[in-house]
Amino acid sequence: MASLAYSSGNLAATNNFRSAIPAKNGLISCRVNYKENGRPGAQILISEQETLPNFLTSNQFERTPIRKDEKRLRIFSGTANPLLSEEVACYMGLELGKIDIKRFADGEIYVQLRESVRGCDVYLVQPTCPPANENLMELLIMIDACRRASAKTITAVIPYFGYARADRKTQGRESIAAKLVANLITEAGADRVLACDLHSGQSMGYFDIPVDHVHGQPVILDYLASKTIKTDDLVVVSPDVGGVARARAFAKKLSDAPLAIVDKRRHGHNVAEVMNLIGDVKGKVAVMVDDMIDTAGTISKGAALLHHEGAREVYACSTHAVFSPPAIERLSSGLFQEVIITNTIPVSEKNYFPQLTVLSVANLLGESIWRVHDDYPGGFEHFSGLGID
């Protein structure tokens with residue numbers, strides 16, 4: 001039986017060498033290494049015990065020559081996920097811009113740029129993760145500050161787009177909050193949005209400005225490919241009918257693995273009941289794929305059903321780890337062999353558990369920013385084309 005294989009043919013850092021630097025929570029800290037063309041590269045976060053997968057080491061992609069003045073590129077971080085912002089800047093060989101963000105006693109947010117951005121291309125890294133309203137308002141004020149400081153262009157880099165699940169009306173008299181948030185970001189003065197794994201591709205149509213949609217799944221795919229899972233033992237599972245397209249694209253990348261679907265009936269927000277399983281998982285290693293894990297009700301009940309149907313091991317894979325209570329209790333209950341997520345949303349120390357693996361999307365976002373800044377004409381197909389939009 002052949003070993004699991006995945007070839008991404010994607011971005012990857014092109015620095016000449018990497019050295020492991022042990023850091024907190026079993027991750028590797030970021031160090032800048034200079035390349036022959038003068039543009040810095042950086043270390044990628046990975047477990048100390050693991051080797052770098054293909055996605056993070058491939059040199060198959062060569063960026064076109066720089067056409068713009070790099071001094072005109074500025075990256076600023078909000079307070080939602082400063083560590084990810086530092087990793088993105090580290091990958092790009094840049095320093096984060098100086099910015100003051102304060103909160104007054106009454107909860108109001110104050111933002112002041114501490115350096116000039118006049119005539120610059122500005123990138124603001126700020127996921128609208130919990131607390132969603134505060135982080136969203138902070139992003140809007142950051143955009144307004146850049147606009148009033150005469151920035152040439154403003155790109156909102158949103159690793160996790162809050163309110164994305166409110167993308168349609170399922171009942172009468174409901175709001176479509178995703179459209180409202182898109183309008184707010186546009187009216188605040190953003191010229192472009194760079195988002196990672198939107199809940200549904202249709203959310204891009206809510207913006208009246210260009211949206212670059214980057215998928216974080218290739219990072220997870222390469223991590224799985226580095227494990228010793230046999231292709232004949234693997235089955236990719238969608239935790240609900242709505243995620244079938246995502247799971248199918250994921251399975252196709254994993255040596256065209258078979259697909260199974262968990263049929264569920266939802267009786268309310270954050271409440272799910274598993275009803276049936278479509279597909280065969282007996283004796284298989286089941287990989288459950290979803291864009292986010294919130295309370296983990298859907299994925300944990302799906303995992304229980306998979307074990308009941310004879311699955312040997314169950315892996316949970318998700319780009320966004322919202323982890324609303326009681327997600328940690330459910331995920332650490334022994335149902336999962338491993339829970340694989342990315343760092344689009346920061347995970348607090350109290351939410352770490354033995355089965356949790358956190359992968360970094362910093363190189364993905366950093367390369368995306370370079371391509372936008374360089375006006376790269378080839379699009380993002382090399383590292384985001386899972387074909388699920």
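Residues numbered from 1 in each chain as written. Predicted model: local features only at pLDDT ≥ 70, side-chain atom pairs only at ≥ 80, totals over all residues. Heavy atoms only, no water.

Next up on the list: the pattern of salt bridges. Oppositely charged side chains can form a pair if their charged atoms are brought close together. By the definition in use, this model includes 13 salt bridges. Between Asp144 and Arg147 there is a salt bridge whose closest N-O contact spans 2.8 Å. Taken together, the residues span about one helical turn, with Asp144 and Arg147 both in helix α3 (residues 132-148) at a distance of three residues. With a relative accessible area of 39%, Arg147 lands in the partly exposed category. In this structure, the salt-bridge partner of Arg371 is Glu367, at a minimum N-O distance of 3.9 Å. Here Glu367 and Arg371 lie together in helix α9 (residues 362-373), a separation of four residues that amounts to about one turn. (Salt bridge = Lys/Arg side-chain N within 4 Å of Asp/Glu carboxyl O. Helix = DSSP H or I, 4+ residues; strand = E, 2+ residues; numbered from the N terminus. Buried < 20%, exposed > 50% of the residue type's maximum accessible area, 1.4 Å probe, protein only.)

The next subject is the confidence of the model for the protein chain. Averaged over every residue, the pLDDT of the protein chain is 83; residues scoring 70 or more account for 77%. For residues 7-53, every residue scores under 50 in pLDDT, and the model assigns this stretch 120 contacts once sequence neighbours within four places are set aside. Note that pLDDT drops below 50 for residues 55-61; the model gives that stretch 31 contacts with residues more than four away or on any other chain. (pLDDT = per-residue confidence, 0-100. Contact = heavy atoms within 4.5 Å.)

Let us now look at the sheet that holds strand β9 (residues 211-214). The strand order across the open sheet formed by five strands is β3-β6-β7-β8-β9, and the pairing between neighbours is parallel. In this open sheet, the two edge strands, each paired with only one partner strand, are β3 (73-77) and β9. Neighbour-to-neighbour, the strand axes of this sheet turn through a mean angle of 20 degrees, independent of strand direction. Pairing analysis gives five bridges linking β3 to strand β6 (residues 121-125), with the strands arranged parallel. Counterpart to Phe76 in the pairing with β6 is Leu124. (Pairing = 2+ DSSP bridges. Axes fitted to C-alpha atoms, helices over the stretch in contact; angles between N-to-C directions.)

Turning to the side chain of Thr186, a few remarks are in order. Residue position: Thr186 is located in helix α4 (residues 177-188). Relative accessible area serves as the criterion here: at 18%, Thr186 is assigned to the buried category. Those residues in contact with Thr186, other than ones at most four positions away along the chain, are Phe207, Asp208 and Ile209.

How two aromatic rings sit relative to each other is set out by the distance from centre to centre and by the angle between their planes. A complete count under the given rule lists two aromatic pairs for this structure. Arranged with centres 6.0 Å apart and planes meeting at 65 degrees, the rings of Phe104 and Tyr110 form a pair that is edge-to-face. Aromatic pair Phe161 and Phe207: ring centres 5.7 Å apart, planes at 55 degrees, arrangement tilted. Note that Phe161 is positioned in the loop between β7 (153-158) and α4 and Phe207 in the loop between β8 (192-196) and β9, a separation of 46 residues in sequence. Under the relative-accessibility criterion, Phe161 is labelled buried at 4%. (Phe/Tyr/Trp six-rings, centres within 6.5 Å; stacked < 30°, edge-to-face > 60°.)

On to helix α2 (residues 82-92), then. Within α2, eight of the 11 residues are buried, which leaves it mostly tucked inside the rest of the structure. Of the positions making up α2, those classed as buried are Leu84, Ser85, Glu87, Val88, Ala89, Cys90, Tyr91 and Met92. Gly93 occupies a position one or two residues after α2 and carries a positive phi of about 75 degrees.

All right, on to the environment of Leu96 then. Residue position: Leu96 is located in the loop between α2 and β4 (99-103). Along the backbone, Leu96 and Phe76 are 20 residues apart, and their C-alpha atoms lie at a distance of 5.5 Å. Ignoring anything within four residues of it in the chain, the contact list for Leu96 reads Ile75, Ser77, Ser85, Glu86 and Ala89.

A packed helix pair is summarised by two numbers, namely the angle formed by the two axes and the spacing between the axes. Between helix α5 (residues 217-225) and helix α6 (residues 244-253), the least distance of the axes is 11 Å, while the angle of their chain directions is 40 degrees. With respect to α6, the axis of α5 lies oblique. Pair α5 / α6 crosses with right-handed handedness. Side by side, α5 and α6 meet where Gln217, Ile220, Leu221 and Leu224 of the first sit next to Arg246, Phe250 and Lys253 of the second. Taken together, the residues of the contact of α5 with α6 break down into four nonpolar, one polar and two charged. (Parallel < 35°, antiparallel > 145°, perpendicular 65-115°, else oblique. Left-handed = near helix turned anticlockwise from the far one by under 90°. Nonpolar A, V, L, I, M, F, W, Y, C, P; charged D, E, K, R; others polar.)

Our focus in this paragraph is the pairing of β8. With four of its five residues buried, β8 lies for the most part within the structure. Examined bridge by bridge, β7 and β8 share four bridges and lie parallel to one another. By the bridge assignment, Ile158 is partnered in β8 with Ala195. The parallel pair β7 and β8, bridged by α4, forms a crossover whose chirality is right-handed. (Right-handed = clockwise from strand over helix to strand, strands pointing away.)

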